Structure formats: structure tokens, C-alpha cells
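Single-letter residue listing:
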There are 2 protein chains.
Amino acid sequence: MRRDRLLVAVTLVTLLAADIHFILLPRLRTWYQLPRESCSCTDSSLENGAAATVPWTTSQNMTEQGSKLEWLFRHPLYNIRLPELGPEERLLQEDELMNYCKRKVSRWERLKKIYIEAAAASNITIPDHPVTFDPEASWLQFHLGINRYELYSGDDSSIDRLLRDMQTASVISADFTPDEKALKGACDCSQVVKPSGLHLKLALKLQDFGKAMFKPMRQERHEETPENFFYFVDFQRHNAEIAAFHLDRVLDFRRVPPVTGRFINVTGEILYLTHNEELRSVFFTSPANNTCFFAKCLYVCKSEYAVCGHPDLLEGSMSAYLPGLSIAPRISIPNPWIRTYSFTGTEEWEVNPLYCDNVKKLYPYNSGNRLLNIIDMVIFDFLTGNMDRHHYEVFTKFGDDGFLLHLDNARGFGRPSHDEVSILAPLTQCCIHALNKAMTSHRIKRSTLFRLKLLAQSEYRLSDVMRASLSRDPLTPVLTEDHLQALDRRLGQVLRTVGKCVKKLGEPQVVITDFAESSRVTTGNR
Amino acid sequence: MRRDRLLVAVTLVTLLAADIHFILLPRLRTWYQLPRESCSCTDSSLENGAAATVPWTTSQNMTEQGSKLEWLFRHPLYNIRLPELGPEERLLQEDELMNYCKRKVSRWERLKKIYIEAAAASNITIPDHPVTFDPEASWLQFHLGINRYELYSGDDSSIDRLLRDMQTASVISADFTPDEKALKGACDCSQVVKPSGLHLKLALKLQDFGKAMFKPMRQERHEETPENFFYFVDFQRHNAEIAAFHLDRVLDFRRVPPVTGRFINVTGEILYLTHNEELRSVFFTSPANNTCFFAKCLYVCKSEYAVCGHPDLLEGSMSAYLPGLSIAPRISIPNPWIRTYSFTGTEEWEVNPLYCDNVKKLYPYNSGNRLLNIIDMVIFDFLTGNMDRHHYEVFTKFGDDGFLLHLDNARGFGRPSHDEVSILAPLTQCCIHALNKAMTSHRIKRSTLFRLKLLAQSEYRLSDVMRASLSRDPLTPVLTEDHLQALDRRLGQVLRTVGKCVKKLGEPQVVITDFAESSRVTTGNR
């Protein structure tokens with residue numbers, strides 16, 4: 001009998017221990033953001049051909065309370081002071097923007113009045129949400145902060161406000177995006193692939209007159225892109241949009257406009273609020289009594305393309321709009337490493353090993369930072385697994401040296417088990433001896449490389465800081481653990497690729513110093 | 001130590017017993033088709049309002065070797081002798097059919113020659129498979145056997161031959177079906193829903209000049225129809241086509257043309273063999289290096305609609321073609337209980353409780369068996385869960401009393417947990433006192449009711465006989481256990497519905513005797 005009792009006791013203790021270890025502790029870790037590991041060894045699997053160590057990697061601040069993410073953002077590498085910004089280095093002047101917005105608000109109020117009257121005549125009641133225009137509104141502050149180096153600064157508190165506002169502010173109107181409108185009536189039967197009906201996004205106007213692009217959830221977090229899908233017909237994933245924003249910030253690029261998750265009531269926040277008859281007409285009730293709507297009835301409405309609330313609530317991403325094109329024009333430039341958008345075609349870069357030299361001869365890649373910016377972009381895309389970067393955008397105001405906007409990241413994070421090395425082609429292909437000695441020969445910015453190396457260290461491990469960053473989103477968990485682990489693996493691959501290049505050409509030919517180390521003393525506060 | 005040994009021995013014996021019970025025995029049962037249960041109790045959960053017992057339910061033959069399926073087919077209820085068939089009661093005369101086919105074969109040989117020459121001029125090699133025309137070919141025998149009562153008789157051995165031929169005979173040509181061809185160029189933008197790109201079927205010609213319709217697999221067996229899908233955009237399931245053929249035979253209807261599963265090599269048996277340029281042009285290689293093709297590039301080719309081999313083999317269903325419309329015309333008649341094919345509409349039967357009386361007044365439902373045939377069809381559709389029966393077809397030769405063809409069953413078996421009772425509307429709605437005494441008042445054929453009751457008994461349980469029947473298909477398991485269990489549950493529901501009607505109106509008003517009981521002595525051999 002006593003032996004039996006012992007057995008029962010041992011079983012219970014084991015269960016309790018397992019519960020503490022596997023359930024309670026991880027939960028506590030999440031709540032209090034305890035560090036998972038305190039080991040500070042560097043990852044020996046990375047080739048150390050590239051600039052041997054990252055500066056300032058001593059863990060002088062490690063004892064402080066705070067998550068890895070906070071440590072990361074306090075790291076001197078993340079607090080390199082920008083040169084003082086002249087007025088021409090800011091995208092918008094305050095007066096100009098405020099006047100522009102006031103005009104927009106009064107136009108909106110005028111049109112709304114006409115619309116509500118017209119609707120009332122047809123016995124449709126449109127709720128009248130008054131716009132509260134506030135010059136301190138987070139989205140205006142975001143727009144004012146855009147400069148020639150970045151969309152927002154690391155210590156810009158308006159970004160957190162903007163994320164909160166996009167999560168909670170009342171929606172006052174909904175419409176198709178200009179993209180979707182452009183599709184209307186287009187009937188080019190020679191087009192092989194595009195447009196796909198799976199693409200669906202809406203522009204939502206918020207109470208403070210800010211605007212966000214809403215992309216609804218189309219796929220469960222664990223679902224992977226089917227192996228036979230081409231990248232250009234892959235689903236658009238709302239969680240990929242959210243995760244890409246966080247990754248871009250963690251990489252200290254700040255070239256992705258703020259994105260947050262949100263549940264939208266498709267009836268109350270879209271159907272009842274839209275002034276667009278056509279959008280109203282694509283709503284229907286599904287057999288399961290959920291409210292659904294189509295992207296666009298391009299030729300025929302296909303209900304396998306519809307998205308549905310449960311019964312009204314629909315999960316999605318909200319991306320902050322950039323300033324309108326009339327006030328802050330942008331141009332869209334084809335990616336030199338563009339992929340074929342047909343089933344059989346091949347692009348030159350896929351067959352010509354000297355393709356990079358050709359690119360380097362061409363404007364705007366023949367001088368300045370453009371090619372280095374492209375390398376930043378492909379590293380970002382390789383980490384997310386996004387193969388669909390056919391174009392990139394820049395603000396025309398900042399000329400050829402302006403940073404590249406990393407817009408439209410919804411086709412990343414499709415297959416965590418697969419690393420699409422072809423995305424790194426610009427990095428690998430440009431790692432050859434320049435035929436012409438006069439040509440730019442650098443392949444990667446030192447600031448980028450140092451941050452990547454930092455994120456490969458266990459104290460700042462990319463998956464850990466991403467997990468911490470994403471845990472602040474209302475839709476957490478935004479990514480599955482598999483996707484987070486993939487980030488670490490891919491980061492290692494990027495560093496090995498750079499390492500090989502350094503081995504082949506020597507560091508001075510590969511890494512360009514793009515910042516002054518003396519700026520290390522800044523202490524930005526986030 | 002001895003105690004430990006005992007423990008090890010007990011564990012091993014337990015594992016062995018479990019292995020025998022859960023692995024070996026079920027396998028043996030499948031191989032030798034041992035009966036699962038020998039209990040002969042009747043299902044007491046069924047209401048017994050309807051004709052109290054099934055005749056000849058004594059288990060006199062139960063001791064015989066053989067599966068439940070064999071017992072079922074030997075049951076006198078499944079061996080009711082048809083009246084002697086006059087020549088006018090057969091669909092086709094032998095001479096007429098043979099001449100027709102010989103003409104078709106020579107036309108085919110002629111066209112093929114021209115095609116092969118033309119292809120050779122463009123450097124395309126088309127393999128030349130000679131047609132072996134044999135008057136004894138199984139598909140010809142199937143066509144010759146069609147009569148005014150059924151597509152084939154229960155003891156027709158050519159059906160098993162036909163199934164085997166469709167599984168193994170060489171494919172000599174592939175083409176779109178006329179349905180798919182009709183879609184071409186159609187650009188009616190007012191159509192809300194159809195056609196859907198998910199629909200894909202091909203006509204395959206076999207070595208013996210027989211023809212089968214190939215529907216590829218689009219969904220895994222366990223995948224269910226998403227809850228927000230309308231029935232008219234649901235996937236077409238190849239396994240539903242196969243299962244429907246077996247169910248129809250198990251119900252002794254024999255109104256579904258033979259269907260079998262088969263793996264087709266999309267390269268060798270479609271791409272290389274088709275004479276249709278357009279079909280050839282929709283083939284492509286997927287990123288995973290599988291050979292894929294589209295249904296039809298109606299406006300744009302959407303690769304999310306493509307089907308792919310692995311890398312070439314593609315699972316699908318092969319349905320035997322009926323004789324051509326020129327030799328055996330059929331008409332397609334809208335189902336009086338048709339559903340709305342829009343998102344918001346409602347059909348009259350959904351709102352008018354007296355709808356059945358209206359139908360009964362109209363030709364051809366105002367006399368003869370047509371309404372009873374409709375009831376058979378809705379019971380069949382309710383069992384499979386197919387909501388998409390917008391039309392039914394009959395051979396014109398047999399006039400109004402010919403049997404209804406149950407074609408196109410690929411939208412059944414979508415959701416095993418759900419019973420769509422609205423499919424039974426004709427049965428429930430017609431169970432009211434006829435307003436006009438002169439009207440037909442019967443609701444179900446006695447032969448159908450008896451067979452349903454038989455299949456509700458444990459000796460002949462529907463799920464068991466279906467499991468046995470489907471195990472003969474090369475793609476076994478064709479249905480998941482959940483779908484098989486659903487059949488039993490739905491059968492119970494049909495019987496309860498009939499029972500309630502009998503309680504309300506009395507048996508003579510509900511059940512029509514459609515066979516002479518004296519015919520019980522037949523001993524058909526299958």
C-alpha cells in the first residue's frame with residue numbers, strides 16, 4: 001500500500017513540476033518579459049569573415065530591468081544621431097500640411113452633407129460622425145516626422161500613439177482603395193495572371209481624419225502557402241503586414257509605415273459607413289449567417305473569394321497611410337531583380353552571372369547609395385520570405401539618395417520551413433570583382449551589418465526581440481513560433497553570405513562605413 | 001525481480017492483444033469481409049409509424065459466407081424481377097448502336113491522321129494509339145443495357161468490367177468537356193456567381209473507344225466545405241462522385257452511371273495526348289516542379305484554380321459517359337424545388353407551405369410516377385448532402401415515366417456533421433392532406449421505403465455496406481468514417497420523416513406499392 005501511495009505522490013509531483021515548467025513559467029516570462037536565456041555566448045555557427053565583432057557589445061546594461069527589445073533599442077547602434085535636419089530634409093512643412101488637411105476636412109464635410117441628404121432621399125440612414133481635426137493628431141505627427149533618412153525616428157512617441165489610434169479610433173468611412181478602383185472595368189483578357197480575386201483591401205477613415213489601409217485575414221496563422229502557388233498569386237496575409245512593420249523597426253530601418261492588428265465590425269464599421277454604392281452592393285449574408293463581402297466583382301463575384309465576419313467581427317491589419325501623392329509625390333521604380341510574372345519566363349538576372357555589373361552601370365545604381373539600399377531591402381525581404389518585390393517606391397523630394405519605402409509586405413511569412421535564397425541574388429551576384437575599377441564596389445552598409453550581427457547574438461536574438469515586439473499587438477501571437485525560428489535561421493544565412501563575400505574580396509571591398517562611430521554617446525529614450 | 005518480470009510480461013501481452021484487436025483483426029475483416037457484428041436487433045430509435053416491418057427480413061442466409069454487401073444484394077428485395085423488356089423499353093438497339101460507333105471510329109481515325117500530320121509539320125509528336133473497336137466492350141454493353149427502369153441491371157457483369165476498364169485502359173485522347181467549351185468566350189458580367197474557376201473536368205477517350213469524364217481531386221478527404229460557402233460554389237469532389245455511384249447501387253436505384261477512382265498521369269495521359277491546342281496551352285510547371293493545368297482561362301488564368309500532379313500523377317474520378325445525345329437524347333428539367341442561385345433570393349417553396357399542391361397540379365407531376373421519382377432523388381441527395389440539384393435529366397425515349405438520372409453528384413459529402421434537412425422539403429411539404437381529392441397523394445414508393453428500412457438494420461447497416469462497396473475502389477478509403485456514420489444518421493432521419501407522415505395521414509395515403517410481392521422468388525446472382 002505504502003509503495004502505491006509513493007507512486008501516486010511521485011506522479012502528482014511530476015505533474016506539478018511539468019505544469020510549473022511548461023505552463024506557469026512560460027506564462028510568467030511572457031507577463032514580466034523575463035529573459036529566456038542569460039547566456040551571452042556568441043553564435044559560433046556564423047562565419048566570422050565579416051568585420052570581426054560588433055562594437056559596444058559589452059553587456060553593461062544587461063542587469064537593468066527590461067526586455068531584450070528594450071535593451072536592443074537602448075543599444076548605441078540603435079541610437080546613432082542623425083545629422084541636424086534642414087527644412088529641405090523634411091518631407092513636409094507644418095504650415096503646408098495643416099492647410100492641406102484643413103481644406104481636405106472641409107471638402108469632406110461638404111461632400112458628406114450632400115451624400116447624407118441624397119441617402120436620406122432613398123431612405124438610407126448614414127450615421128454622421130463628426131471629424132475632430134486636431135493638429136496634434138498622431139497621424140499628422142507621423143507625416144511631419146518623415147525625413148530624408150527615415151519614416152520616423154526611433155524615439156518618436158507619436159508612432160506608439162498612432163498604433164493605439166489605429167487600434168481604437170472610431171471608423172467614420174470606408175471605401176475601396178485606389179488600386180481596387182483601378183481594377184474596375186479593366187478587362188484585359190491577355191493578362192495571364194493578375195489581378196487575383198484573393199486580393200482585398202479597404203481604406204478606412206478614422207475619427208481624427210487619419211486613414212488606414214485594412215487588409216482582412218485570409219488564412220490561419222499555421223497555414224502555409226501551398227507548394228504549387230506562384231509568389232504572385234499567394235495570399236495576402238494581414239499578419240505578415242504587421243510582422244513586417246515590427247521587423248523593419250527591429251532592424252532600425254524604419255521604412256515601413258506603422259501597422260497594427262484590429263478587429264473590424266464589417267457591418268457597423270464598413271457597410272453602414274461607406275459612401276460607395278458599389279462597396280455596399282458586394283455585401284451578403286453567408287449560409288452560416290455571417291456578414292461577408294467580395295473584394296471586387298471584377299467579372300463575376302466569386303464567393304470563394306469573399307471574406308466573412310464572425311458574425312460581424314473580422315480580423316485584419318491596419319496600415320497607416322503615407323501623405324497623399326499630391327502633397328508628397330512618390331515614384332515607383334521596377335526592382336532591377338524583378339521576377340517574371342508569367343509561368344514560364346526567365347529574367348536576365350536569373351541566367352546572367354554578370355548581371356550586377358550591368359545594373360551598376362545604369363542610373364541610378366551607378367552612384368550614391370541606391371544599390372546599398374537595394375541590399376538592405378533584399379535582406380529584409382529574405383528574412384520575411386517575400387518574393388513579390390516587383391517595385392519599390394521613393395519620395396521624389398529626396399532625390400536619388402532618399403531611402404526606399406518597404407511597402408506591401410503581405411506576401412511574406414508564407415512558408416517558415418523554406419528559405420528562398422534567390423531573394424538574396426543582389427547580394428550574392430554583386431559579390432564579384434568589379435570589371436571596371438571605377439565602379440562602386442561596396443555591397444553592404446556597415447550599420448546594417450553590425451545590427452544584423454547584434455541580432456544574431458543570444459542577448460538580442462532576432463526571434464526573441466520580434467516575439468517581444470509582436471506581443472504588443474492586439475492580435476498577438478502574430479507569427480507562429482516556426483516563423484520566429486525561421487528569422488534566426490535566415491539571419492544566419494545572410495551573415496554567412498556576407499562572410500563568404502568578405503573572404504573572397506576583403507572587407508574594404510564589401511562593407512561601407514555609413515556612420516561616424518563618434519556618435520555612440522546618444523541616449524535615445526524609448 | 002520476479003514481480004518486474006511479471007510486469008514486463010503483462011505489458012507485452014497487453015500490447016500484443018491491442019495489436020491483434022485494433023490492427024490485425026480489422027485488417028483481416030477487410031480482407032475476408034468478415035461481418036463486424038452478428039447482432040440482429042432492429043434499430044429501436046426509428047419511429048415505426050411507417051409500414052411496420054420489411055418483408056423477408058429473416059436471416060435465413062446469414063450463415064452463408066460473404067459480406068453484408070453480398071447478403072444485401074442477395075436479399076429478395078434486391079431481386080425483384082423486372083417485367084420482360086420489349087424492344088421499345090430498351091434505350092438502344094444493338095445494330096443501331098454498333099453502326100453509330102463504327103462511323104464514329106472511322107471519323108476519329110480520319111481526323112487523327114490529319115491532326116498527326118499537322119502536328120508533325122509543327123514538330124510536335126503525337127503518339128498514335130490505335131483504337132481497338134470490340135462489340136463486346138464493356139462500355140458498349142453498358143449502353144445496350146440501359147432500359148426504361150434502370151441504367152443497368154443488378155446482375156449485369158459488364159458493369160464490373162466497365163469499372164475495371166476505366167481503371168486500367170490506356171487513355172488515347174483528352175479534351176475539355178462540352179460544358180467547359182461552352183464557357184469559352186462567355187463574358188456575361190451580369191452573372192453574379194457562375195461560372196466558378198474551381199470547376200474542372202476533362203473528357204478522356206480510352207483505348208476501346210469508351211469515354212470517361214475525369215474530375216480531379218481538389219480537396220483532401222478530411223477537409224470540409226467552409227461554413228461560409230454557398231452550395232453552388234462548393235468544391236467538386238471526385239470522391240463524392242465515386243461514393244454517389246456506390247450509394248445509388250446500394251439503394252438499388254441504379255440511376256448513376258458507373259464511376260471509379262484512378263490516378264492519371266497529367267503529362268503522359270493528358271498533355272501529350274490531347275488534340276486540343278487550348279488544353280495544351282493551359283499546362284505549366286509549378287514552383288514545386290509539379291505539372292499543373294487550369295480548368296479554363298475564362299478571363300484570366302488564376303493559378304490558385306490550377307490542379308497539379310505529384311509530380312505528374314493526379315488522383316481523380318472517372319465517370320462513364322452515357323450514349324451521345326444524338327443517339328439517345330435526354331432532356332434537362334428544372335427541379336421544382338430548385339434553390340436560388342443568388343445570394344439573397346428566395347424560391348417559392350421556401351416560403352409557401354402549400355407549394356407541393358401547386359407542383360402536383362402541374363404537368364408532369366400531376367400524374368404518373370414523376371413526383372415519386374423526385375422523392376427518391378431527394379432521399380438520395382439528402383443522404384449525400386448534395387444541395388446542388390438544380391436540374392434532373394431523363395431520356396426522352398421513355399417519356400414521362402422514365403427514371404430520373406442522378407448525374408453530377410460531386411457536391412455531396414461536403415460536411416459530415418451537418419444534415420441539410422431542407423433537401424427533404426419535397427417529402428415534408430407533400431405530407432399534407434391534398435386539397436383536391438383527385439390528386440395523387442402518395443409520397444414514397446414502397447420498394448424504396450423497404451430498402452431504406454433494410455439498410456437501417458444492423459445486418460445490412462448502410463455504413464457497413466457502403467464501406468464494403470467502396471473498399472473495392474482503387475482510391476479506398478473513398479469516404480472518411482465520419483461521412484459513413486453520417487449516412488446512418490441521415491437514413492434514420494429519412495425514416496423518421498416518413499414515419500411522421502404515416503402517423504399523420506395513414507399508410508395508404510403515404511406509401512404506394514410499386515411492385516408485386518409474388519416476385520420474391522427470384523434468385524439473381526451477383
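- Per an unreviewed UniProt entry, chain A carries the name Pseudokinase FAM20A-like and comes from Sinocyclocheilus anshuiensis.
- Of chain A, the UniProt comment under Cofactor (unreviewed entry) reads exactly: "Mn(2+)".
- According to the UniProt record, the Sequence similarities (unreviewed entry) comment for chain A reads "Belongs to the FAM20 family."

1. Quick look at helix α7 (residues 238-250) of chain B
Residues and elements named next belong to chain B.
Logical step 1: Over its 13 residues, α7 runs 19 Å from end to end, which matches the ideal 18 Å to within 8%, given 1.5 Å per residue.
Logical step 2: The buried fraction of α7 is high, at 13 of 13 residues.
Logical step 3: Directly after α7, the chain includes Asp-252, whose backbone phi takes a positive value near 65°.

2. Things to note about the UniProt feature "binding site: ATP" (unreviewed entry) in chain A
Residues and elements named next belong to chain A.
Logical step 1: UniProt annotation of "binding site: ATP" (unreviewed entry) refers to Lys-215, Ser-319, Ala-320, Tyr-321, Leu-322, Glu-393 and Asp-408 when read in the numbering used here.
Logical step 2: Using a relative accessible area of 8% as the deciding quantity, one classes Ala-320 as buried.
Logical step 3: Contact partners of Ala-320, with chain neighbours within four places excluded, come to Phe-142, Leu-162, Met-166, Lys-211, Pro-257 and Pro-258.
Logical step 4: Position of Asp-408 among the secondary structure elements: in the loop between β10 (391-395) and α13 (425-429).
Logical step 5: Residue class for Asp-408 comes out partly exposed when judged on its relative accessible area of 42%.
Logical step 6: Each residue touching Asp-408, except ones within four places of it in the same chain, is listed here: Lys-215, Gln-236, Glu-241, Asn-386 and Arg-389.
Logical step 7: A distance of 2.9 Å separates the side chain of Asp-408 from the side chain of Lys-215, its partner in a polar contact.

3. Brief notes about the sheet that holds strand β7 (residues 307-308) of chain A
Residue and element names in this part refer to chain A.
Logical step 1: The three strands are arranged β5-β6-β7 in an open sheet whose pairing can be described as antiparallel. Where the open sheet ends on each side, the last strands, each with one partner, are β5 (283-285) and β7.
Logical step 2: Strand direction decides the pairing type here: β5 and strand β6 (residues 291-293), joined by three bridges, are antiparallel. Residue pairing in the sheet places Phe-284 in a bridge with Cys-292 of β6.

4. Comments concerning the pattern of salt bridges
Residues and elements named next belong to chain A.
Logical step 1: The final tally for this structure, using the stated rule, is 50 salt bridges over all chains.
Logical step 2: In this structure, Arg-255 and Asp-376 form a salt bridge, with 3.0 Å as the shortest nitrogen-oxygen distance. A residue pair is termed long-range when its members are at least 10 positions apart, and Arg-255 in the loop between α7 (238-250) and β4 (259-265) and Asp-376 in helix α12 (residues 370-384) qualify at 121 residues. Of the two residues, Arg-255 and Asp-376, neither departs from the other in class, the shared state being buried.
Logical step 3: Note that Glu-269 is salt-bridged to Arg-262, the shortest N-O span being 3.2 Å.
Logical step 4: Judged by its relative accessible area of 17%, Glu-269 falls in the buried class.
Logical step 5: A single salt-bridge network, built from bridges that share partners, covers Lys-68, Arg-461, Asp-464, Arg-467 and Glu-481.

Calculation rules
- Residues numbered from 1 in each chain as written.
- Chains lettered and ligands numbered in written order.
- Predicted model: local features only at pLDDT ≥ 70, side-chain atom pairs only at ≥ 80, totals over all residues.
- Heavy atoms only, no water.
- UniProt positions renumbered as here; feature names shortened; annotations may be inferred.
- Helix = DSSP H or I, 4+ residues; strand = E, 2+ residues; numbered from the N terminus.
- Expected span 1.5 Å × (residues − 1).
- Buried < 20%, exposed > 50% of the residue type's maximum accessible area, 1.4 Å probe, protein only.
- Contact = heavy atoms within 4.5 Å.
- Polar contact = N/O pair within 3.5 Å; in protein donor to acceptor, adjacent residues only side chain to side chain.
- Pairing = 2+ DSSP bridges.
- Salt bridge = Lys/Arg side-chain N within 4 Å of Asp/Glu carboxyl O.

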